[in-house]
Amino acid sequence: EDQVTQSPEALRLQEGESSSLNCSYTVSGLRGLFWYRQDPGKGPEFLFTLYSAGEEKEKERLKATLTKKESFLHITAPKPEDSATYLCALAGFQKLVFGTGTRLLVSP
Amino acid sequence: DAGVIQSPRHEVTEMGQEVTLRCKPISGHNSLFWYRQTMMRGLELLIYFNNNVPIDDSGMPEDRFSAKMPNASFSTLKIQPSEPRDSAVYFCASSLSPSTSGYTFGSGTRLTVV
């Protein structure tokens, strides 16, 4: 059964303090790994899709990377507006399997 | 496009009452998903439709939950009778190709059953 595990559950950073969020997965055949951002009171918003080991994608202060067992979301010099819950999801047949998310708080 | 539209945004109801949540997917998307989100369990897939046909409803917790998609532009999730443990945020999402393009989520309906 496809499984996704995210760590840590919560992360508190000072503004400018870079860090990484982890998404470990087990899957019989990877179709895609997705990262979403969710702000309080809103639905998850798409960030990245990664399809193969070694692939990287960047958007502003965020960079997502993928290996055969895990994906990392690197946050460089974060700002308070990066505070949110970050979800990763594994693409299965016709649906996504979500992790429980990492709640990120960036303090000024 | 206005995105995925859910209504109502908030619903407070008494235990035992019927609750109906509504969703309008993005035009052209042929897959529609209903999720429930709680702090304890995160996002749980309840049911999904492909071309208006229910494909997998194994996540529907009990017979009290039912979902319909009478046409490509509308879906409902009904809870009858509602119970306090049903309190959660319910999200609808739609997609053209989930495995390659992911989902677009609505803003959710926050349900409180008292």
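Residues numbered from 1 in each chain as written. Chains lettered and ligands numbered in written order. Predicted model: local features only at pLDDT ≥ 70, side-chain atom pairs only at ≥ 80, totals over all residues. Heavy atoms only, no water.

Undergrad: How would you explain the pattern of salt bridges if you had to name every residue and give the values?
TA: As enumerated under the stated definition, the model contains 13 salt bridges over all chains in all. A salt bridge links Lys63 of chain A to Glu56 of chain A; its shortest N-O distance comes to 3.8 Å. Look at Glu56 of chain A and you get partly exposed, because its relative accessible area is 48%. We note a salt bridge from Arg64 of chain B to Glu83 of chain B, for which the minimum N-O separation is 3.5 Å. Pair noted here: Arg64 of chain B is in the loop between strand E6 (53–56) and strand E7 (65–71) and Glu83 of chain B is in the loop between strand E8 (74–79) and strand E9 (88–95), with a separation of 19 residues, a long-range link. A relative accessible area of 10% places Arg64 of chain B in the buried class. Here the residues in one salt-bridge network are Glu62, Arg64, Glu83, Arg85 and Asp86 of chain B, joined through shared partners. (Salt bridge = Lys/Arg side-chain N within 4 Å of Asp/Glu carboxyl O. Buried < 20%, exposed > 50% of the residue type's maximum accessible area, 1.4 Å probe, protein only. Helix = DSSP H or I, 4+ residues; strand = E, 2+ residues; numbered from the N terminus.)

Undergrad: Provide a residue-level description of the environment of Ser7 of chain B, including the pertinent values.
TA: All names here are of chain B. Relative to the assigned elements, Ser7 resides in strand E1 (residues 5–7). Judged by its relative accessible area of 32%, Ser7 is partly exposed. Put simply, Ser7 and Thr104 are 97 residues apart on the chain and 16 Å apart in space, counted from C-alpha to C-alpha. Here Ser7 is in contact with Leu21, Arg22 and Thr109, once residues within four sequence places are set aside. (Contact = heavy atoms within 4.5 Å.)

Undergrad: Give a description of the interface of chain B and chain A that names residues and reports values.
TA: Note on interface size: it is often stated as the accessible area lost on association of the parts. Contacts between the two partners involve 21 residues from chain B and, on the opposite side, 19 residues from chain A. Buried area between chain B and chain A, summed over both chains or domains, comes out near 1500 Å², and the portion from carbon and sulfur atoms is 53%. The interface formed by chain B and chain A holds one salt bridge in total. The partner of Asp56 of chain B in a salt bridge is Lys95 of chain A, with the nearest N and O atoms 3.2 Å apart. (Buried area = accessible area lost by both parts, 1.4 Å probe.)

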